[in-house]
Structure formats: C-alpha cells, structure tokens
Amino acid sequence: MAKLYFKYGTMDASKSADLLMTAHKYENQGKNIVCLRSNLDTRTEDGFIESRALTYKHKCFCFNKDTNLYDFIKNQNDQKINCILIDEAQFLTKKQVMELTEIVDFLKIPVICYGLKNSYIKGELFEGSKALLYFADSIQEIKSVCHFCDKKATMNLRIKNGKPILQSDTGNTVVIGDTQEGEDYFISTCRKHYFNPEIKK
Ligand SMILES: [Zn+2]
C-alpha cells in the first residue's frame, strides 16, 4: 500500500541528504522516481536538490503555490513512477497536501515529504507542515542537536546582524536563509535556547 510520509526536522537536520540517499537507493534498483521542490527556495541551483552534507545532487522539478501536483504527476505518463520525493515540503499549500493524498490513494504512488515543522517567526507550524501532520500516514522526526546545548533541537532561530529574530508579527515565513554563519542565518535550538539564545547582544 502506498503511503504519504512526512519526515521533518530543523534546518541542519540533513533532510535533503536523507532525500538524496533515498533517491539513490531507488535508482540503484532501477526504479523510477520524481523529485520535486518548492521554488521559494533560492539557496540551490534551479532544478536540483542538493545537500551541504553530500556531493551528490539530483535533478528536480520546481513547483510554486499554484501548481496542481496531482495533475502534474498524472501527466508524467511516460513510465511508472515508483516514488515521489519532495523537498522543502513546509511550503506546500494545504490544497497541495490534499493533492498528494490523492496521488497516494488513487494513483497508488508513495510520496515522501521532507520539511521543517515550525518557522522561526513564532515557532509556529508552516501551512504545509500543519496539513502533513494532519494527513500523513507516517510521521518521522529527523533529529539534530541544539546549537547551544546537548538537547534535541526542535526550533529554527534566525540571527540577523548578530541578533536573534523571533516573536515578530511582521516577519515573512518564506524567507530562506543558510545555516552557515553570515549576516543573516539560521541555527537549530532547543525550546529553552530559542527563547533564551546565548548570543551577545
Ligand atoms: Zn539548548
């Protein structure tokens, strides 16, 4: 039975690396996969999924908020699709998550989504993640460790010009940063250090 999977983690939890390794395993067995990624992510070369942890990268189709994912997959009728892998799944709309459930239930293709659970803004759920938590058949956390302590990281903290940004009502949840240090970057933290980051003010 095909299933809808949601694998979530913080920004440096190696989600894209997990996706790429899964893609590699399917293709090693001669199976056909389709990789998709939200085009809101400007960090990577257009049309590729890549990871800071791996040198291997994979071609992907980029989608936006208006793409009907069910129609898109249904029109890929050149050969049987064994699995669909989606990166940056937090940027899916609720409607697109429902389209994924139809791909699983009616086209009988497994769909594995990788994404963040909550945004840096208030630590609240992204639209895509919220819908996936409701409707996925399988939910798995990809774990990482807090930047400041040895607890599990559950939050994404944005650092801009050396200052943490959180609890802002004006922020934009689709801003993409890099986890490398720079002017504007993200770190993964536990809840305590999200609200109390040990950064010199
Ligand atoms: Zn911590």
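Residues numbered from 1 in each chain as written. Predicted model: local features only at pLDDT ≥ 70, side-chain atom pairs only at ≥ 80, totals over all residues. Heavy atoms only, no water.

Caption draft 1: Layout of the packing of helix α3 (residues 94-106) against helix α4 (residues 127-135). Orientation of α3 relative to α4, taken along the N-to-C sense of each, is 35°, at an axis distance of 8 Å. Like other packed secondary-structure pairs, α3 and α4 cross with a definite hand, here right-handed. Residues Lys 94, Val 97, Met 98 and Thr 101 of α3 pack against Glu 127, Gly 128, Ala 131, Leu 132 and Phe 135 of α4. The class makeup of the residues in the contact of α3 with α4 is five nonpolar, two polar and two charged. (Axes fitted to C-alpha atoms, helices over the stretch in contact; angles between N-to-C directions. Helix = DSSP H or I, 4+ residues; strand = E, 2+ residues; numbered from the N terminus. Left-handed = near helix turned anticlockwise from the far one by under 90°. Contact = heavy atoms within 4.5 Å. Nonpolar A, V, L, I, M, F, W, Y, C, P; charged D, E, K, R; others polar.)

Caption draft 2: Representation of the sheet that holds strand β9 (residues 155-160). Spatial ordering of the open sheet is given by β10-β9-β11, a layout of three strands whose pairing is antiparallel. Strands with a single pairing partner mark the edges of an open sheet, and in this sheet they are β10 (163-165) and β11 (184-189). Strand-to-strand twist across the sheet, computed as the mean angle between neighbouring axes with direction ignored, equals 40°. Note that β9 and β11 share six bridges and pair antiparallel. Each residue of the ladder has a partner; that of Asn 156, found in β11, is Ser 188. (Pairing = 2+ DSSP bridges.)

Caption draft 3: Broad picture of the coordination of the zinc ion. The zinc ion binds to the protein through Cys 146 (SG), Cys 149 (SG), Cys 190 (SG) and His 193 (ND1), with metal-donor distances spanning 2.1 to 2.4 Å. Each of the four donor atoms around the zinc ion contributes to a set of angles spanning 101 to 113°, which defines the coordination as tetrahedral. Summarised as a motif, the one-chain spacing of the donors to the zinc ion is C-x2-C-x40-C-x2-H. Linking Cys 146 in the loop between β8 (138-141) and β9 with His 193 in helix α5 (residues 191-195), this pair joins segments that are 47 residues apart in sequence. In this pair, the class of Cys 146 matches that of His 193, namely buried. (Donors = N, O, S within 2.8 Å, 3.2 Å for Na, K, Ca; no water. Tetrahedral: all angles 85-135°; square planar, octahedral: opposite > 155°, others 65-115°. Buried < 20%, exposed > 50% of the residue type's maximum accessible area, 1.4 Å probe, protein only.)

Shape is all these values report; function is a separate question.
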